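Okay, here's what each chain looks like letter by letter:
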Amino acid sequence: MARVCATYIKRTFSCPDTVLITTESGEPEEKLLVELIDSTLACCRIKQWHPIAFIALFYLHKLKARHSASQGRDGFRLFIAAFIAASGPAHPVRYDTWLWAQIGQFAYSVETLEHMLQR
C-alpha cells in the first residue's frame, strides 16, 4: 500500500523520491518517500487503515483537481496531512497532534502539523 501511495503522490504532484527530514538529533537526513509512508502505516494503531489510506489518496486527488497546476516538493507532507484528515471521520478515537508527530517519525514538529491541518 505504501508503494501505491508513494507512486501516486510522485506522479500526481511531481514529487521527488526522497524527503529531507530532521532527525531527533537535529541533523538533516534523506529518506525514501515509500519508506516514510510504510513506517507511518506500520506505526498507526488504526486496525483498518487501508480504507483510510485510499480516502487520503482521494483527498489528494481532489486537491489536484481543484489546483491542477500544484506540484509538491515534499510528498510525505502531502501524505501525512491527507492521512490525518482522512482518519478523523473514519476512526472513533482521535489522535492528538503529538501522537501524529510520533507516528510520522517526527518528520514535522507538532506546530507544523497543527498548521498543516488548519489549512
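It should be noted that the structure appears before, not after, this text.
What you are looking at is a predicted structure, and each value in this text was computed from that prediction instead of being measured.

Before going further, it helps to examine the overall build of the protein. Check the secondary structure of the protein and you find six helices and two strands. Secondary structure elements of the protein occur, N-terminal to C-terminal, as α-β-β-α-α-α-α-α. Going through the 119 residues of the protein one by one, you find that 41% of them count as buried. Pairs at least 24 apart in sequence give 67% of the contacts found in the protein among residues at least 6 apart. Surface exposure of the protein reaches about 7300 Å², of which carbon and sulfur atoms provide 52%.

Moving on: the pattern of salt bridges. According to the stated counting rule, one finds two salt bridges in the structure shown. For Asp17, the salt bridge is made with Lys10, and the minimal N-O distance between the two is 2.7 Å. A salt bridge links Asp74 to Arg77; its shortest N-O distance comes to 3.9 Å. The exposure class assigned to Asp74 is buried, which follows from its relative accessible area of 18%. Residue Arg77 is classed as partly exposed on the basis of its relative accessible area of 34%.

Another point: a nonpolar patch on the surface. Residues Ile55, Phe58 and Tyr59 make up a contiguous nonpolar surface patch of about 250 Å² in total accessible area. The partly exposed category is assigned to Phe58, whose relative accessible area is 45%.

So, on to helix H3 (residues 49-66). For H3, spanning 18 residues, the distance from its first C-alpha to its last is 26 Å, which sits close to the expected 26 Å at 1.5 Å a residue. Along H3, the positions that sit buried rather than exposed are Trp49, Ile52, Ala53, Ala56, Leu57, Leu60 and Lys64. Buried residues along H3 cover an arc of 145 degrees about the axis, so they all sit on one side. Seen from the open side of H3, the exposed residues pointing more than 90 degrees away from its buried face are Ala65 and Arg66.

Calculation notes
- Residues numbered from 1 in each chain as written.
- Predicted model: local features only at pLDDT ≥ 70, side-chain atom pairs only at ≥ 80, totals over all residues.
- Heavy atoms only, no water.
- Helix = DSSP H or I, 4+ residues; strand = E, 2+ residues; numbered from the N terminus.
- Buried < 20%, exposed > 50% of the residue type's maximum accessible area, 1.4 Å probe, protein only.
- Contact = heavy atoms within 4.5 Å.
- Areas by Shrake-Rupley, 256 points an atom, 1.4 Å probe, with all protein chains shown as cover.
- Salt bridge = Lys/Arg side-chain N within 4 Å of Asp/Glu carboxyl O.
- Patch = residues over 30% accessible without salt bridge, like charges linked within 9 Å, V, L, I, M, F, W, Y side chains within 5 Å.
- Expected span 1.5 Å × (residues − 1).
- Arc of directions from axis to C-beta.

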